[in-house]
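Coordinates in review
Below, each chain spelled out in residue letters.
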Amino acid sequence: MALPFIAGAVGTAIIEKLVDTCFSYLEVVYPAPSGMQDELERLQHALPQVLAVLTAVEGGAPDMVENKALDAWLWQFRDAVENAEDVLDELEYYKLKKTREEARDGEVRGFLSNFKRKFNSSLSDFFSNDTRKRLREAVKGLDRVVADMGPFLQLVTGFYGPSVKRQQLEDIIKARQTSSLLTESEVLGRDKERDQIVEWLIKPGDVNVDVSAYTIVGMGGLGKTTLAQLICRDERVREYFDPIMWVCVSLDFDAAAITRKMLDYSCSTSLNALHEDLKQKLTSKRFLLILDDVWNDDKMTEWEKLVAPLKFGQRGSKILLTTRMGSVADMAATVTKCKRESLNLNELKESDYMSLFNKHAFLGVNPDDYRNFQPISEHIAKKLGGWPLAIKVMGGMLNSYMDYEYWKKILEKGNMKLQQGNDDNMTVLRLSYDHLPTNLQLCFRYCSLFPQNHMFKRKKLVNMWIGSGLIPQSICGRQRPEDIGKEYLNLLTRKSFFTCKTSDNGSKIIIEYFMHDLLHDLARSVSQGECIRIGGDVARITNIPRTIRHLSVEIVKLLSIGEISALKNLRSLVISGKGYNMDNADYVSEFIEVIKGFKKLRLLSLCKNFDFSKSPDAFDSLIHLRYLSLPRQFILNKNIEYDGMTNLVNLRSFDVSDDVIKNIPYIRKLPFIHKLQNFIVQAKSGYKIGELKNLRDLRHLYIRGLENVRTSEEANEAKLNEKEHLKSLSLKWSAHCSNSAEADEQLLDNLCPHKNLKKMCIQQYQGAKSPCWMTNLSLVNLTSIELIDCKGWEHLPPLGQFTSLQYLHLKRLHAIKQIDCSFIRSSSGCAFPLLKELQLWGMPNLEEWIGVDNGCMFPQLHYMYITDCPNLGEIPILPYSLRRLQISNVGLTALPTINRNYTDNNQEHFPALESLVIKQCEKLEYVPTEFFQKFDTHTVLYVEKCPQLTKHLISVFSDIQQPSILNCLTVGSCGDLEVPLLQLLPNLTSLFYLVLVDCASITSLPPAQACARWTMLSILVIKNCKELSSIGGIQALVSLRYLKIEGCDKLIEFALLLQPPFPNDAGQKEDAADCLLKDGELSIDHHALLLMEPLRSLSSINELTLFDALLTSLPEEWLLQNHAALKFLSIWNAVSLQSLPQSMTKLRSLERLKVNDANLIQSLPNLPTSLRYLWILECHPVLKERCQENVGLDWPKIAHIPNVWIEQLQSDDDEIDSIF
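Rules and cut-offs
- Residues numbered from 1 in each chain as written.
- Predicted model: local features only at pLDDT ≥ 70, side-chain atom pairs only at ≥ 80, totals over all residues.
- Heavy atoms only, no water.
- Helix = DSSP H or I, 4+ residues; strand = E, 2+ residues; numbered from the N terminus.
- Buried < 20%, exposed > 50% of the residue type's maximum accessible area, 1.4 Å probe, protein only.
- Areas by Shrake-Rupley, 256 points an atom, 1.4 Å probe, with all protein chains shown as cover.
- Pairing = 2+ DSSP bridges.
- Axes fitted to C-alpha atoms, helices over the stretch in contact; angles between N-to-C directions.
- Contact = heavy atoms within 4.5 Å.
- Phe/Tyr/Trp six-rings, centres within 6.5 Å; stacked < 30°, edge-to-face > 60°.
- Lys NZ or Arg CZ within 6 Å of the ring centre and 35° of its normal.
- pLDDT = per-residue confidence, 0-100.
- Patch = residues over 30% accessible without salt bridge, like charges linked within 9 Å, V, L, I, M, F, W, Y side chains within 5 Å.
- Salt bridge = Lys/Arg side-chain N within 4 Å of Asp/Glu carboxyl O.
- Lys, Arg positive; Asp, Glu negative; His and termini not counted.
- Charge placed at Lys NZ, Arg CZ, Asp CG, Glu CD.
- Polar contact = N/O pair within 3.5 Å; in protein donor to acceptor, adjacent residues only side chain to side chain.
- Expected span 1.5 Å × (residues − 1).
- Core = buried A, V, L, I, M, F, W, Y, C linked by side-chain atoms within 4.5 Å.
- Parallel < 35°, antiparallel > 145°, perpendicular 65-115°, else oblique.
- Left-handed = near helix turned anticlockwise from the far one by under 90°.
- Nonpolar A, V, L, I, M, F, W, Y, C, P; charged D, E, K, R; others polar.

**Description of the overall build of the protein**
Tallying secondary structure elements over the protein gives 38 helices and 39 strands in all. Every one of the 1220 residues in the protein was classed for burial, and the buried ones make up 54%. Put simply, the protein shows about 53000 Å² of open surface, and 48% of that area lies on carbon and sulfur atoms.

**Here's the deal with unusual backbone geometry**
With an omega of 5°, the peptide bond running from Asp242 to Pro243 counts as cis. Topologically, Pro243 is positioned in the loop between helix H10 (235–240) and strand S2 (244–250). In this structure, Phe858 is a non-glycine residue whose phi angle is positive, near 55°. Considering the arrangement of structural elements, one finds Phe858 in the loop between strand S23 (848–849) and strand S24 (863–869).

**Some points on the sheet that holds strand S8 (residues 509–514)**
Taking strand neighbours across the sheet as the criterion, the 3 strands line up as S6-S8-S7 in an open arrangement whose pairing is antiparallel. Whereas interior strands pair on both sides, the edge strands pair on one side only; in this sheet they are strand S6 (456–457) and strand S7 (499–504). Of the strand pairs in this sheet, S7 and S8 are connected by 6 bridges, and their pairing is antiparallel. Paired with Asp504 across the two strands is Ile509, which belongs to S8.

**Section: the sheet that holds strand S3 (residues 288–294)**
Spatially, S2-S3-S4-S1-S5 is the arrangement adopted by the 5 strands of the open sheet, whose pairing is parallel. Single-partner strands in this sheet number two, and they are S2 and strand S5 (342–344). In this sheet, neighbouring strand axes are inclined to one another by 15° on average, regardless of whether the strands run parallel or antiparallel. Sheet topology note: the strand S1 (residues 211–217)/S5 ladder contains 3 bridges and is parallel. Each bridged residue has a counterpart across the sheet, and for Ile216 the counterpart in S5 is Leu343. Contacts from helix H8 (residues 191–202) reach S1, S3, strand S4 (317–323) and S5, with the element oriented near 170° to S1.

**Brief notes about the packing of aromatic side chains**
Throughout the structure, instances matching the rule amount to 20 aromatic pairs. Residues Tyr240 and Phe241 carry aromatic rings whose centres are separated by 4.9 Å and whose planes lie at 80° to one another, so their mutual orientation is edge-to-face. Ring centres of Phe450 and Phe456 lie 4.8 Å apart, and the angle between their planes is 70°; this geometry places the pair in the edge-to-face category. Like Phe456, Phe450 is buried. Among the aromatic residues, those joined into a cluster by ring pairs are Phe362, Tyr370, Phe373, Tyr404 and Trp407. The cationic tip of Lys318 hangs over the ring face of Trp200; the distance from NZ or CZ to the ring centre is 4.4 Å.

**Topic: the environment of Leu1056**
With respect to the helices and strands, the residue Leu1056 is situated in helix H34 (residues 1049–1056). Counting along the chain gives 35 residues from Leu1056 to Leu1091, while the straight-line C-alpha distance between them is 8.0 Å. Non-local contacts of Leu1056, meaning those with residues more than four positions away in its chain, are made with His1086 and Ala1088.

**Describing the confidence of the model for the protein**
With 81% of its residues at a pLDDT of 70 or more, the protein has an overall mean of 81. Segment residues 903–909: pLDDT under 50, and 6 contacts once partners within four positions in sequence are set aside and those in other chains are kept. Every residue in residues 1065–1070 scores below 50 in pLDDT, and together they form 7 contacts with partners more than four places removed in sequence or on other chains.

**Brief notes about the pairing of S2**
Here is the key point about a regular strand: its side chains alternate between the two faces of the sheet. Counting buried residues in S2 gives 6 out of 7 residues, a clear majority hidden from the surface. Looking at chain direction, S2 and S3 are connected through 6 bridges and run parallel. Each residue of the ladder has a partner; that of Val247, found in S3, is Leu291.

**Observations concerning a positive patch on the surface**
A surface patch of positive charge is lined by Arg458, Lys459, Lys508, Lys675, Lys727, Lys758 and Lys759. Structurally, Lys758 is set in the loop between helix H28 (741–749) and strand S18 (759–763). Look at Lys758 and you get partly exposed, because its relative accessible area is 43%.

**Thoughts on the side chain of Arg668**
Here Arg668 is to be found in the loop between helix H26 (658–661) and strand S15 (675–680). Given the relative accessible area of 14%, Arg668 is considered buried. Reaching out from Arg668, the side chain makes a polar contact with the side chain of Glu691 at a distance of 2.7 Å.

**Regarding the pattern of salt bridges**
All chains considered together, the criterion is met by 40 salt bridges. As a salt-bridge pair, Arg236 and Asp195 come within 3.0 Å of each other at their nearest N and O atoms. Highlighted residues: Arg236 in helix H10 and Asp195 in helix H8, separated in sequence by 41 residues. Taking the relative accessible area as the measure of exposure, Asp195 reaches 24% and is therefore partly exposed. Salt-bridge contacts for Arg236 lead to Asp234; the nearest nitrogen and oxygen are separated by 2.9 Å.

**Details of helix H17 (residues 388–399)**
Between its first and last C-alpha atoms H17 spans 16 Å; for 12 residues at 1.5 Å apiece the expected length is 16 Å, and the two agree. For H17, a buried count of 9 out of 12 residues is recorded, marking the element as mostly surrounded by other parts of the structure. Among all positions in H17, only Pro388, Leu389, Ala390, Ile391, Val393, Met394, Gly395, Met397 and Leu398 are buried.

**Observations concerning the nonpolar core**
Within the largest apolar cluster, 195 residues are counted, with the highest numbers of intra-cluster contacts made by Ile762, Trp849 and Leu1082. Among the elements that line this core, the one with the most residues is helix H25 (residues 585–596), at 5 residues. With sequence-adjacent residues up to four places away left out, Leu1082 is seen in contact with Leu1043, Leu1077, Leu1090, Leu1095, Leu1098, Ile1101, Glu1103, Leu1104, Thr1105 and Trp1118. With 81 residues, the next largest nonpolar core counts Ile216, Tyr240, Leu345 and Phe456 among its residues.

**Examining the pairing of strand S22 (residues 837–841)**
Summarising burial for S22: 4 of the 5 residues are buried, a large majority. With 5 bridges connecting them, strand S20 (residues 807–811) and S22 associate as parallel partners. Looking across to S22, one finds that Leu810 is bridged to Leu840. With 5 bridges connecting them, S22 and S24 associate as parallel partners.

**What about the side chain of Asp620?**
Looking at the secondary structure, you find Asp620 in the loop between strand S12 (603–606) and strand S13 (627–629). It is Lys596 that comes nearest to the buried, bridge-free Asp620 among opposite-charge side chains, at 8.1 Å. In contact with Asp620, other than residues within four places in its own chain, are Gly644, Met645, Asn647 and Leu648.

**A look at the packing of helix H13 (residues 300–307) against helix H14 (residues 326–336)**
Closest axis-to-axis distance for the H13/H14 pair is 10 Å, and the angle between their directions is 55°. Accordingly, the angle class assigned to the pair H13 and H14 is oblique. Both H13 and H14 take part in a crossing whose hand is right-handed. When H13 is examined against H14, the residues Met300, Trp303, Glu304 and Val307 are found in contact with a partner set consisting of Val328, Met331, Ala332, Thr334, Val335 and Thr336. Among the residues forming the contact of H13 with H14, the class breakdown is 7 nonpolar, 2 polar and 1 charged.

**A look at the environment of Glu347**
Relative to the helices and strands, Glu347 is located in the loop between S5 and helix H15 (350–361). Non-local contacts of Glu347, meaning those with residues more than four positions away in its chain, are made with Arg190, Leu222, Gly385, Gly386 and His516. At 3.3 Å, the side chain of Glu347 forms a polar contact with the side chain of His516.

**Here we look at the packing of helix H11 (residues 255–263) against H13**
Relative to each other, H11 and H13 sit at 25°, their axes nearing to 9 Å. When the interaxial angle is binned, H11 and H13 end up roughly parallel. Handedness of the H11/H13 crossing: right-handed. Seen from H11, the contacting residues are Ala255, Ile258, Thr259 and Met262; seen from H13, they are Glu302, Lys305 and Leu306. Looking at the contact of H11 with H13 residue by residue, the class counts come to 4 nonpolar, 1 polar and 2 charged.

**Quick notes on H11**
Residue pairs three or four apart in sequence face the same way in an α-helix, which turns once every 3.6 residues. Buried residues dominate H11, accounting for 7 of its 9 residues. All buried positions along H11 are accounted for by Ala255, Ala256, Ile258, Thr259, Arg260, Met262 and Leu263. Positive phi shows up at Asp264, right after H11, with a value of about 60°.

**Thoughts on the environment of Arg571**
Examined against the element boundaries, Arg571 turns out to sit in the loop between helix H24 (558–565) and strand S11 (572–575). On a C-alpha basis, the gap between Arg571 and Gly467 in space is 9.3 Å, while along the polypeptide they are 104 residues apart. Excluding residues within four positions of it along the chain, Arg571 makes contact with Glu82, Glu85, Asp86, Arg549, His550, Lys600, Leu601, Arg602 and Leu603.

Set out below in structure tokens:
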């Protein structure tokens, strides 16, 4: 069914606007064309009936009757409405364009305020005949479709009327009835969750709460009801509660009906009588009420009615709810006036879901008779992702077809879709979808454009929703579309369609969202005909429905361009192109012509490999665009002006390369853009700072070339102080400008931003004084300040008084000699009360940092980095909140102590320090003992080039108390510290990551007995340890997965004395070496190291990297020894490598092969069929010729490889590395 592909309220609003616009148009400009007046009046009169049809269908039950005629009419209606919307949008475009032209002449006048006066004089000048014709056609098209609506009004009333809808609702509720009795003979994988909830249920409740609630939250099919039944059956629960009541609530949340079920009443009676009966039943009883399958999260009155008699139960009574929506947990906590307690139910673990799958897939048969099915069953079960209902359904379906080829077909097609075999999955998940409001359904369906397992960024997803027209301005009122979009995402998350994942990358909290595979399948199912994603594994794009509005394509090939070009209703086009090099000029030029024909496009996003630089006018005619994302590619011709870009006056999200932004003149013509990241002020017209004047919707602004602003008046024209939505602002002068300090100071004073600004960055400022707006503390909302390369700045502003400041970066401020009280001064009694991160970089003249008398400074500081301040001899006391401290090239003789004054004196507190990095501090002699006294918070320690710290650190490590959680350690160039420290390292049993760099005193790694204590060591890097001649007993490192050896000259000398052959029985040995680097990565800088034990006997390496300029041939025997496991082989600096061996085909697991600087290789051998990626870079010209597609002599040897790069000159190594 096509609807609710367009919401009824939105559709009728568009028709109303079209009618009103046309009437105004006819009244002011021209007499009505023949019949148009009648058509408009008919549309006006038909609006109530149109809304009735749309509302009836939109509110239909999930199992709505299919009717092809109605479905076809709904699509026709949608086409007509969107055509009308396009015409109205075009009219607004011309209005806005006219306004901008007048603004260019200094005559900015609001168009809407004097609509009629201007319409008569200017309409014929800038409305083309084509536009008027389309306006006429839009009216006729709507009139024609609405005229055919009559037969469907009665039809939808019958299908979706109140009585039918009520019956459908009752059928759903009846089908979803549950009881407290388990229907499963065995419940797998939920013991931990059961015990967690049971422990909460039987513990004493809050004395101030009559009854408290616990909610199990999760999407349909995860086993919420089964878990509740398991809890209900638990003996601990049965002994603690009496009575235990089970009510299946489902979709109809009615307090009286639920209460009747609690009392087992079948007859109707008043709510008051029900309450009295329930009160008597529960008085002085410690009860447990289980409310299963609750959907309602907004009927506060009904909830209060339900809870009212429950308050008469004994203290400790509990309510257990199951729901798909986190918002229900919020509601339950609110009405019971208790703390929100909930469990987000996750998928089953692998061992459990495999057991469940095998139980259903091999029911009634002996699994030993079907051993060849096991690998297939494992892959199928993994694709179902631990979702119990899906596993049961798929297992049951496969059990009825115990045929190997059928199972294999299911796996190969990846056909684990909801429609397969049984409707249970579809019914369960579709019910959640049907319960969503129409606007949320639109946004959920749109997510089918993204691949499975995609991690969504909130800002980008919301901007794409807005850009594609899913959140039209007409529904926003006074709210910003961005705020509505965020609320939509929050609602979808609370209703379990998304899962929110939060991580800390060290400097900020990263929030991402992901969608379970089955929900992604649901999105694809319900968006058929509207959205489609075509992955890179599809050889040719065919049979795309012509109704498609939103299209995502991973790879565009010549054969698919014609199919795509026929999609005339397309509103969103995303070309991701991941891992694909679209460098064929024919593809690009032809596809650009296709894009030009997509006149309805609202959103266009092109991959990084899509080169449009030769067609700078490619998108100028796409006037409906709201969202444009183009590849950030290197532009060879930097003098091209993209003046046509300013035709796109509706743009909101504009993500293009800096080279494009800086060459767009008259940027003021794009009044709605939110981000301008590289506006370079120039003296010529169209590029002056006054272009920013009317860009009032800017959120992020980066201005460069400020030396080209000549006067204070010119600076004022930017109107930065009027941009109330601006969140981040960067101001940068050119590095070698000749402005005087006084000129820069006056200019910066006149670039005062709005008080709502949150992030500020100033670079290359030549002035000595702080701007007045930083000293008068007007920017009360600032959370981040960066002052970079301001080499004349002498005195810092009083930043301690910016009470919202969280991030402060001061870099290369050469004139700063002292950080004094004026910088730290605070009126609140505590300097920098919210600061989390402080960075001081490149301040060579900084000599003194004066603290505050009361010591209250940085109480919330987490990260402090001080680098290249060689004359700074002392820093203030550190706060207890500090997590990471990095000191590099600083003139300290001792680290400061840690302040206890601002902790609770009634408790024992220890530093929160997790990471300590000390580098190139040649004067440093002492680190306070509190940095190490517990050692149970440290996870990272890095000490390099600190020779005076030797004796102190040795004593510290000698006193380490077990167990230590230190898991990352780097030691380098620390003189006498190196050998004693290496001897003490086995005490660090939690080590995960160990780096030894420039350790000139170390001759051997610890023996096997010592290495065996490093049971968690996974990464070992040994670099430039020139005297190292033995790698000791590293074969005992059972967890090692990455080993890198580089620049160890003595080790190479020793290895060169060894000789092959390699052991033929390496794979049959049964000793500790078998575990070394199992499925791991080895990186070495000389092939001779492979002759040393235990590297010589390795047989299960997953990845080998060689940096070896002396390598003339690959270590063939060693590679064959690892043929079953080796997936990635990378050869760097292969300037001496003459050829690849003929035995390459025997590397049957090899997926990626990269050879860099391969200028001697002139031909290729046959390559393994498993190979998916091949890079041969900076190769010989002969090889390039031999590998030409379809014609080269070596082409048959590589034709089977999907991704091939064979290049004479490497142009973008970083990009290739990111893929590799």
